[in-house]
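Tertiary structure, described
So the chains spell out like this:
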Amino acid sequence: MAVGEGLVRPECVLATRDGDIYSADWRGGVAHLNAGGKQTLYAGRMPDGSDPKPNGIALLPDGSFLFTQLGADSGGVYRLTRAGVISPWLTQVDGQALPPTNFVVQDAHGRTWITVSTRKSPRALGYRRSCDDGFIVCVTPDGQARIAADGLGYTNEVAIHPNGRWLYVNETFARRLTRFALQADGRLGVREVVAKFGPGTFPDGLAFDEDGHVWVVSIVSNRLIRVAPDGTQTLWLEDTDAAHLAWVEAAYEANEMDRPHLDGIRSQSLRNISSIAFSGDDRCTALLGCLLGDSLQSLRLPVAGVPPIHWNYAS
């Protein structure tokens, strides 16, 4: 079922206990759909006067947002108020300017986790199995930023395991779900591969359910996959065209995948799904963000999602 209307590239979606839904929106910020169905756009201009290109978003306790800037040649994390004021939050790490930036999320200890998919320019050069220059940034509660993990295969969304001992990350074009041991001081330790994905699966968004399984969203093939703690995969949903997927696969195997393989889609209803959020009173309704649609999609699942850090934030 479609949720919202007139959205522009709602790549990342969030939900709260009160029924509020938020999505990134390339009209300049964040779209908000409240429990009563009213839709509002919080939008502004970048400090240099350009249009923001928000990819990942995080809701803050005061009602403002962090968003990752996915510019053609520049990135960083910016704060957006509901009045439409945009200001820099993090634009460099280890003395280097952040490239186009993918995702941002905060954890229960006040740390902020940020991902950069690739350092390559243009970014489409990272649509390769060999891509290994993605990284994860950790920002401590006192504002100290560092690269926490490097050498990833097109870093996408990250999520903290419900037990707080692991950081999970999707490596989109390496086609794997990876996790790092999360130490008490926020440092990342041992790296493990949880699951490897086969043809047609390009993992992007992820979220945990209350059974400790991970729900992984795949762009291109519009797949929703439930990954068990032991790595076993269950395909829950798929909406794709076999010929289109074969075309993308051929380009991927030939190291020729490019923007047209992501910017075009053949499907019945899903428009290149990219993220997942659990919503509703029982958190059993999944909301799916997407790259190419003008609305979100929702479906019921048999298990509740783990409440995200922003679940109890007021609108």
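Reading guide: rules and limits
Residues numbered from 1 in each chain as written. Predicted model: local features only at pLDDT ≥ 70, side-chain atom pairs only at ≥ 80, totals over all residues. Heavy atoms only, no water. 1 Å grid on protein atoms, 1.4 Å probe; cavity = no way out; pocket = protein on both sides within 12 Å on 5 of 7 lines; lining within 4 Å. Points joined across faces, edges and corners; volume = space filled by probe spheres on them. Helix = DSSP H or I, 4+ residues; strand = E, 2+ residues; numbered from the N terminus. Nonpolar A, V, L, I, M, F, W, Y, C, P; charged D, E, K, R; others polar. Pairing = 2+ DSSP bridges. Axes fitted to C-alpha atoms, helices over the stretch in contact; angles between N-to-C directions. Contact = heavy atoms within 4.5 Å. Buried < 20%, exposed > 50% of the residue type's maximum accessible area, 1.4 Å probe, protein only. Polar contact = N/O pair within 3.5 Å; in protein donor to acceptor, adjacent residues only side chain to side chain. Salt bridge = Lys/Arg side-chain N within 4 Å of Asp/Glu carboxyl O.

Scanning the entire structure with this criterion turns up one cavity of 30 Å³ or more. The volume enclosed by the largest cavity comes to roughly 60 Å³. Around the largest cavity, the lining residues are Val3, Gly4, Leu7, Ile21, Tyr22, Ser23, Ala31, His32, Leu33, Gln39 and Leu296. For the lining of the largest cavity, the secondary-structure elements that each account for two or more residues are strand 3 (21-25) and strand 4 (29-33). Class assignment of the residues belonging to the lining of the largest cavity gives a composition of seven nonpolar, four polar and no charged.

If you walk across this open sheet you meet the four strands as 20-21-22-23, and the pairing is antiparallel. Two strands lie at the open edges of the sheet, namely strand 20 (201-208) and strand 23 (233-237), each paired on one side alone. Across the sheet, the mean angle from the axis of one strand to that of its neighbour is 30°, orientation sign disregarded. Note that strand 21 (residues 214-220) and strand 22 (residues 223-227) share five bridges and pair antiparallel. Bridge pairing in strand 22 places serine 218 opposite arginine 223. Helix 1 (residues 242-253) contacts strand 20, strand 21 and strand 22 of the sheet and is inclined by roughly 105° relative to strand 20.

In this section: the environment of arginine 191. Mapped onto the elements, arginine 191 comes out in strand 19 (residues 188-196). Classification of arginine 191 as partly exposed rests on a relative accessible area of 36%. Through-space distance from the C-alpha of arginine 191 to that of tyrosine 168 is 9.7 Å; in sequence the pair is 23 residues apart. Discounting chain neighbours no more than four positions away, the residues touching arginine 191 are Asp150, Gly151, Leu152, Glu171, Arg176, Thr178, Arg179 and Phe180. At a separation of 3.2 Å, a polar atom in the side chain of arginine 191 contacts the side chain of glutamate 171.

Moving on, we come to the pattern of salt bridges. Taken as a whole and assessed by the stated rule, the structure comprises 19 salt bridges. Arginine 283 serves as the salt-bridge partner of glutamate 210, at 2.5 Å between the closest nitrogen and oxygen. Linking glutamate 210 in the loop between strand 20 and strand 21 with arginine 283 in the loop between strand 24 (273-279) and strand 25 (285-290), this pair joins segments that are 73 residues apart in sequence. Judged by relative accessible area, glutamate 210 falls into the partly exposed class, the value being 48%. Among the ionic pairs, aspartate 282 bridges to arginine 300, the shortest N-O distance being 2.7 Å. One end of the pair, aspartate 282, is in the loop between strand 24 and strand 25; the other, arginine 300, is in strand 26 (residues 296-300), and 18 residues separate them in sequence. In the salt-bridge network here, residues are joined through shared partners; they are Glu171, Arg176 and Arg191.

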